[in-house]
Each structure stands twice: as C-alpha cells, then as structure tokens.
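# Coordinate inspection notes
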Number of protein chains: 2
Amino acid sequence: MTKLIALYRRPEDAELFDRHYFDVHIPLIRKTPGLRKLEVTRIKGSPIGGTEYHLMAEMYYDSPEAMNAANASPEGKTAGRDLMSFAAGVVTLFYGDLEP
Amino acid sequence: MTKLIALYRRPEDAELFDRHYFDVHIPLIRKTPGLRKLEVTRIKGSPIGGTEYHLMAEMYYDSPEAMNAANASPEGKTAGRDLMSFAAGVVTLFYGDLEP
C-alpha cells in the first residue's frame, strides 16, 4: 500500500485555514479516484521541544500507480490546484510505501 | 486516538541506519506499554520536487495520557535513549490526535 502525506506547518490564521481545509479541501480529496483511506491528524506538540506543524493528512492508495493515477485525474488536479491556493507556503508533500 | 510521529530525514548511511532501525529500534518500540498500532512508511519521493525524508513511523495510543505513560515507562525510556544513539541528527518527533 502507498500513501501520500501532506504535512502542514502552522499557518498565520489557523481558524481561516482550517475552515477552508475541512469545508473545501477535504471534500475534494475524498473525490479522488482510488482513495482507500484518509487519515487527518491534528498536531498538538512534540515530546522534545515544540513543533512547527499544524496538521498531517495521509491518503492511502493500493499502489504508487494508483496514487499517480489519482493525482493525474481531473479530481486530483482540482484538489492540487485548491491546495496551492491556500497552503502553498505551509505544505510539504511526500509519499511512500507501507513496510510489512 | 493519539499518535506519535517520528519523521526521519535521509541518513548518511541508509543501509547501516535501516539495519539498526529495524533490528534494534522497532523491537524496542513494540515493547512500549499501551502501543495499539505501529505503521512504518518508507518514503520514496514527492509529487512536486524531491524529498529529504527517508522513513516515517507512527505509534498509536488510546489517548495523550497513554502516550505520555508509554514515553515515561522504562521501555519507553530505553527506546528514547536508543533513538538518540542512532538518529538524533535526522529525526523530528511530534504528536497529535486523529480527526474524526
């Protein structure tokens, strides 16, 4: 299984950010084809020192190919454009495979 | 549900790092009390540009209190000392709560 991870640093206006994130962005993500699971974590702190992070979203797909197909789909492109419209300055994207 | 996230940047010697990580560190993590689930992701890349990340581990606990108790336990302290012995320069730790 492959997952795409979006890690968000704390935005300037967290309330405004969260409203767009949960009301607009998450519904767009849920429309992407082949999405098997979505897990969103609200970051609260760090066991050693502080943290710069605010939210983390993990999008699970069957394979790297399924993830690529989702990103290349019309729904994926719409979600990607939306992401860049409100989170370009705070998001880091990476993907990987689950270890057995 | 609460999860503790350990995000590892690419180490200098990934083979040596992985050997210690999977043979020594993960077995120590599995011994921490209250651990409900462990998910390790091998990072492969980013959909936009590259990534500095190598591995991500997610440790799930019932609550922040259960996570704190695990970290404060003898097994948790042993795992923490081990972490600092091989990954102090590459690991970022943070925790948060799963959104419903």
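Each chain carries its own residue numbering, running from 1 in the written order of its sequence. Chains and ligands are labelled sequentially in the order written, the chains with letters from A and the ligands with numbers from 1. Residue-level local features of this predicted model are given only where pLDDT is at least 70; pairs of side-chain atoms are given and counted only at 80 or more, and the full residue set underlies all totals for whole chains, interfaces and linings. Side-chain numbers come from the whole structure's heavy atoms, not from hydrogens or water.

### Looking at the relation of the copies chain A and chain B
Where we set the bar: All copies are superposed by least squares; the fitting set is the C-alpha atoms of residues with a pLDDT of at least 70 in both. Whether two residues touch is decided by their heavy atoms; if any such pair falls within 4.5 Å, the residues are in contact.
Least-squares fitting of chain A to chain B yields an RMSD of 0.0 Å, with the superposition described by an axial translation of 0.0 Å and a rotation of 180°. In the structure described here, the two chain copies are related by an operation that fits a two-fold rotation axis. Nearest to the rotation axis, the C-alpha of leucine 7 of chain A is located 5.4 Å from it, this being the minimum over chain A. By residue overlap, the copies meet face to face through one surface: 100% of the interface positions of chain A are interface positions in chain B.

### Some remarks on helix H1 (residues 14-30) of chain B
All names here are of chain B. Let me state the cut-off plainly: Values of bend correspond, residue by residue, to the angle between axes fitted over the seven residues ending at that residue and the seven starting there. Helical segments are the DSSP runs of H or I of at least four residues, strand segments are the runs of E of at least two, and each set is numbered from the N terminus. Type-normalised accessible area, obtained with a 1.4 Å probe on protein chains alone, sets the label of each residue: buried when under 20%, exposed when over 50%, and partly exposed for intermediate values. In the analysis that follows, any N or O atom pair within 3.5 Å is treated as a polar contact, provided that within protein one partner can donate a hydrogen and the other can accept it, and provided that, for residues neighboring in sequence, both atoms belong to side chains.
Taking the largest bend as the criterion, H1 deviates by roughly 40°, centred on tyrosine 21. Among the residues of H1, Ala14, Phe17, Asp18, Tyr21, His25, Ile26, Leu28 and Ile29 are the ones counted as buried. Buried residues belonging to H1 abut strand S1 (2-9), strand S2 (37-45), strand S3 (53-61) and helix H3 (74-87). Between a side-chain oxygen at the N-terminus of H1 and the backbone nitrogen of glutamate 15 the separation is 3.2 Å; the capping residue is aspartate 13.

### So, the nonpolar core
All names here are of chain A. Definition in use: The term nonpolar core refers to a set of buried residues drawn from Ala, Val, Leu, Ile, Met, Phe, Trp, Tyr and Cys, joined through side-chain atoms within 4.5 Å.
Judged by nonpolar contacts, the single largest core of 25 residues is most densely connected at Tyr8, Phe17, Tyr21, Leu38, Met59 and Ala87. Of all the secondary-structure elements, those providing two or more residues to this core are strand S1 (2-9), helix H1 (14-30), strand S2 (37-45), strand S3 (53-61), helix H2 (64-72), helix H3 (74-87) and strand S4 (91-98). Ranked by the residues each element gives to this core, the list is headed by H1, at 5 residues. Setting aside chain neighbours within four positions, we find alanine 87 in contact with Tyr8 and Phe17.

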